[in-house]
Amino acid sequence: MGEKTLMKGAEVIAEAAMRAGCMAFFGYPITPQNEVPEYFSRQMPKLGRVFLQAGSEVAAINMVYGAACTGTRVITTSSSPGISLMQEGFSYIANSDVPCVVVNAMRGGPGLGDIAPAQADYFQAVKGGGHGDYHSIVIAPYTLQEEADLMFDAFDLADKYRIMVVVLVDGLMGQMMEPVEFKEWVDVKKFKTPDWATVGQRDRDHRNIITSLEILAEGLEKMNFHLQEKYKIIEKNEVRFEEYKMDDAEYAITAFGTIARIAKTVVNMARDEGIKLGLIRPITLWPFPTKLIEKRAEQLKFFFDSELNAGQMLEDVKLAVNGRKPVYFYGKLGGIVPSAEDIYAEFKKHIKGDR
Amino acid sequence: MEKKVIIAGFGGQGVMLAGELLAEAGKEDNKYVTFLPSYGPEMRGGTANCDVIISDEPIASPIISYPEAAVILNLPSLDKFEPAMKKDGLLVLNKSLIPREVKRNDLRVVEVDAQTIAKELGNEKIVNMILLGVYITIEKPVSLDSVKNAMKLFLKGNKEKFIPVNEKALEKGAEIAEEFLGRK
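A few points on the structure. None of these values were measured; they are calculated from a predicted model.

1. Thoughts on the overall build of chain B
Next, step 1: A count of helical and extended segments in chain B gives 6 helices and 6 strands.
Next, step 2: For chain B, the succession of helices and strands along the chain, N to C, is β-α-β-β-β-α-β-β-α-α-α-α.
Next, step 3: Relative to its length of 184 residues, chain B is compact, with a C-alpha radius of gyration of 15 Å against a globular reference of 16 Å.
Next, step 4: In terms of principal-axis extent, the alpha carbons of chain B reach across some 45 × 40 × 40 Å.
Next, step 5: The buried share of chain B, taken over its 184 residues, is 53%.
Next, step 6: Contacts in chain B between residues at least 24 apart in sequence constitute 55% of all its contacts with a sequence separation of at least 6.
Next, step 7: For chain B, the computed accessible surface area is about 8300 Å², with 50% contributed by carbon and sulfur atoms.

Here's what the structure looks like:
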């Protein structure tokens, strides 16, 4: 750990990725995350690593796919409309069992939308987006320090499970500045080419083949079983969350990313008035902290989910609660960020009959 | 201690620079700091504002909905933020570009003819620093010296020659603040 640097969230992503041993960036510019490629474009050549601005998002994700097939730590970053264009590649990467990291700095949608912060790509990131039965590990930091730390974990998880890791942030996190302390540089000389990588047969006694294609249904079913087995292990081992003032809580806000940060202020406001409110903040959106929410349902009077969308993570919270307690919702759409005061006022509407 | 301020004006008036400088100074003082810019897609013109929070404790929300202090460089920004100000909040105004009175009577208002003062100091681009000097001296989120130190990180190379005039601007702002506080 070094000293603290005041940096923009977008630049934090790039700096942390390089330190984590990211050897190649492929991408196509889009607001509000252009500072990420800008930073990479300045720094990667100095390190003798790859920065390439592709002709489109479709080209970029397929370059990522190609680099991932060689076992190289590779990243692309984009924002909502750009991520939509990449979905075919996401699906191919999933069924090819190759590791990579993708950052989505979500903006207001649908369509071209606007450039304001949003969280409306939760479904796309967590439930698929591309076709077929697949998952990516989805992590959602809520401060720039956590973002800096989790970029390392993103690459480690991608390599460990040969899977795509999506780092889901929003435009606000990309643009804001905060002092950040970075972890030390990973020594990339110690990286070994994995034995599955397609880097030429050399003295291997067999050819490595990476493909998402299997014409025979029985064969494709086997590939699917393999993926499902992998997902089960990830669901068992990699769930991450933070709880804030939950020990004696009677109510809980569930929120991720930027809105979880605002929710912390809401929790403090409630506590000042003697209301026992806590926060459950999923850090991994997939795998989702289902068991935790199941457990907390016993002690709570109700859940209050808040997101910058029309209620997407809400569905996963409801699945975990499974009808045992009410789950209320408050969201803002189209890139509007609610104030802590707004959220608190909405929360208190539900508490009235309750006290 | 937790100090929150919104700095607002036209793009190109140095609103973001003033905010970043304040944030950097807070970091130098080992405080928790958040800087949140908000502006449209245009490079110049258009309205721009930033939220800066400096605190002894970890900062939850980086968004300021109801400002306790605002440094306002133009009229559209006053129109936007005056209604949201907290009671007894501090408004530091660039009077040169704000041809109206503040409507509310429950705020602390410092009106500075910053454009004219900047011209007198020999550089019209230091309006932001004059007003920042006023704010810092009244609310004390950081010391004036920390801002001066932070400035060295921003004005490097061929911009280094602008440090003295910017320092003068901060000091002039401090002087105006002292007058406002009735210490001079």
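2. A look at the pairing of strand 5 (residues 90–94) of chain B
All names here are of chain B.
Next, step 1: By the criterion of burial, strand 5 is predominantly enclosed, with 5 of the 5 residues buried.
Next, step 2: Of the two faces of strand 5, the one holding Leu90, Val92 and Asn94 and the one holding Leu91 and Leu93 are both buried throughout.
Next, step 3: With 4 bridges connecting them, strand 4 (residues 69–72) and strand 5 associate as parallel partners. In the sheet register, Ile72 faces strand 5, and the bridge partner there is Leu93.
Next, step 4: One ladder, built from 5 bridges, connects strand 5 with strand 6 (residues 108–112); its direction is parallel.

3. A few points about the nonpolar core
Across soluble globular proteins, nonpolar side chains have a tendency to be buried as a group.
Next, step 1: Core analysis: the largest hydrophobic core is formed by 121 residues, its most contacted members being Ile75(A), Met151(A) and Phe303(A).
Next, step 2: The two domains that each donate at least three residues to this core are domain 1 (5–199 + 226–236) and domain 2 (242–354) of chain A.

Reading the values: the criteria
- Residues numbered from 1 in each chain as written.
- Chains lettered and ligands numbered in written order.
- Predicted model: local features only at pLDDT ≥ 70, side-chain atom pairs only at ≥ 80, totals over all residues.
- Heavy atoms only, no water.
- Helix = DSSP H or I, 4+ residues; strand = E, 2+ residues; numbered from the N terminus.
- Rg over C-alpha atoms; globule rule 2.2 N^0.38 Å.
- Buried < 20%, exposed > 50% of the residue type's maximum accessible area, 1.4 Å probe, protein only.
- Contact = heavy atoms within 4.5 Å.
- Areas by Shrake-Rupley, 256 points an atom, 1.4 Å probe, with all protein chains shown as cover.
- Pairing = 2+ DSSP bridges.
- Core = buried A, V, L, I, M, F, W, Y, C linked by side-chain atoms within 4.5 Å.
- Domains from an automatic or database assignment.

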